[in-house]
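Examination of the molecular architecture
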Amino acid sequence: MILLDTHALLWWALDPSQLSATARSWCERMEVDGGFASSISIWEIGVKIQRGKLEIGTSVDEFARRIADSTSVELLAVDWPTWVRSIALPWDHRDPADRVIVATALQRGLPILTKDTKIQAYAGARCLW
């Protein structure tokens, strides 16, 4: 099982051609075995839409419902242990979404499907792309 970073979630759902061959393979496995995304990804997508940095052709509410109804991806709520873990990461990276995604992966022992080089560079996270 894998944890999708926000862009991997978007590309899997809306534009799979953006995924690397390895990422596509992992997503195909995920569609059979299941996978995860942090609910903070929905927040991150909504913020980017509000700021005019992202257009997904639907509302964030509809996108979230579509993902929540999917049998392939389970949206994980961000609970207090994950928030605490994200704060405690020995990582000089201020993006709260990235910190929560890494903390979620560590809490659950999951690799992160990500193209993000900052996440890939964090020694504590196992990343795939």
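Here we summarise the structure given alongside this text. (Residues numbered from 1 in each chain as written. Predicted model: local features only at pLDDT ≥ 70, side-chain atom pairs only at ≥ 80, totals over all residues. Heavy atoms only, no water.)

Some remarks on the packing of helix H5 (residues 80-88) against helix H6 (residues 96-108)
- Taken N-terminus to C-terminus, the directions of H5 and H6 make an angle of 115°; their axes are 8 Å apart at the nearest point. Between H5 and H6, the angle falls in the class roughly perpendicular. Considering the relative orientation of H5 and H6, their crossing is right-handed. Contacts between H5 and H6 involve Pro81, Thr82, Trp83, Arg85, Ser86 and Ile87 from the first element and Arg99, Val100, Ala103, Thr104, Leu106 and Gln107 from the second.
- Of the residues belonging to the contact of H5 with H6, the class tally is 6 nonpolar, 4 polar and 2 charged. (Axes fitted to C-alpha atoms, helices over the stretch in contact; angles between N-to-C directions. Helix = DSSP H or I, 4+ residues; strand = E, 2+ residues; numbered from the N terminus. Parallel < 35°, antiparallel > 145°, perpendicular 65-115°, else oblique. Left-handed = near helix turned anticlockwise from the far one by under 90°. Contact = heavy atoms within 4.5 Å. Nonpolar A, V, L, I, M, F, W, Y, C, P; charged D, E, K, R; others polar.)

A closer look at the nonpolar core
- Leu4, Leu9, Trp12, Phe63, Val73 and Leu113 are the most contacted members of the largest nonpolar core, which has 22 residues in total.
- Only helix H1 (6-14), helix H2 (21-33), helix H3 (40-50) and helix H4 (60-69) provide two or more residues apiece to this core.
- Counting residues per element, this core draws most heavily on H1, which supplies 5 residues.
- Setting aside residues up to four positions removed in sequence, Trp12 forms contacts with Leu19, Cys27, Met30, Glu31, Ile67, Ser70, Ser72 and Val73.
- One finds Phe36, Val102, Ile112 and Tyr122 within the second-largest nonpolar core, a separate group that totals 17 residues. (Core = buried A, V, L, I, M, F, W, Y, C linked by side-chain atoms within 4.5 Å. Buried < 20%, exposed > 50% of the residue type's maximum accessible area, 1.4 Å probe, protein only.)

Section: the packing of aromatic side chains
- Applying the stated rule across the entire model yields 2 aromatic pairs.
- An angle of 35° between the planes, with centres 4.8 Å apart, marks the rings of Trp91 and Tyr122 as tilted. Of this pair, Trp91 sits in the loop between H5 and H6 while Tyr122 sits in the loop between helix H7 (117-121) and strand E5 (127-128), placing them 31 residues apart in sequence.
- Assessed through its relative accessible area of 14%, Trp91 is described here as buried.
- The buried category is assigned to Tyr122, whose relative accessible area is 10%.
- The ring centre of Phe36 lies 5.9 Å from the NZ or CZ of Arg108, which sits over that ring. (Phe/Tyr/Trp six-rings, centres within 6.5 Å; stacked < 30°, edge-to-face > 60°. Lys NZ or Arg CZ within 6 Å of the ring centre and 35° of its normal.)

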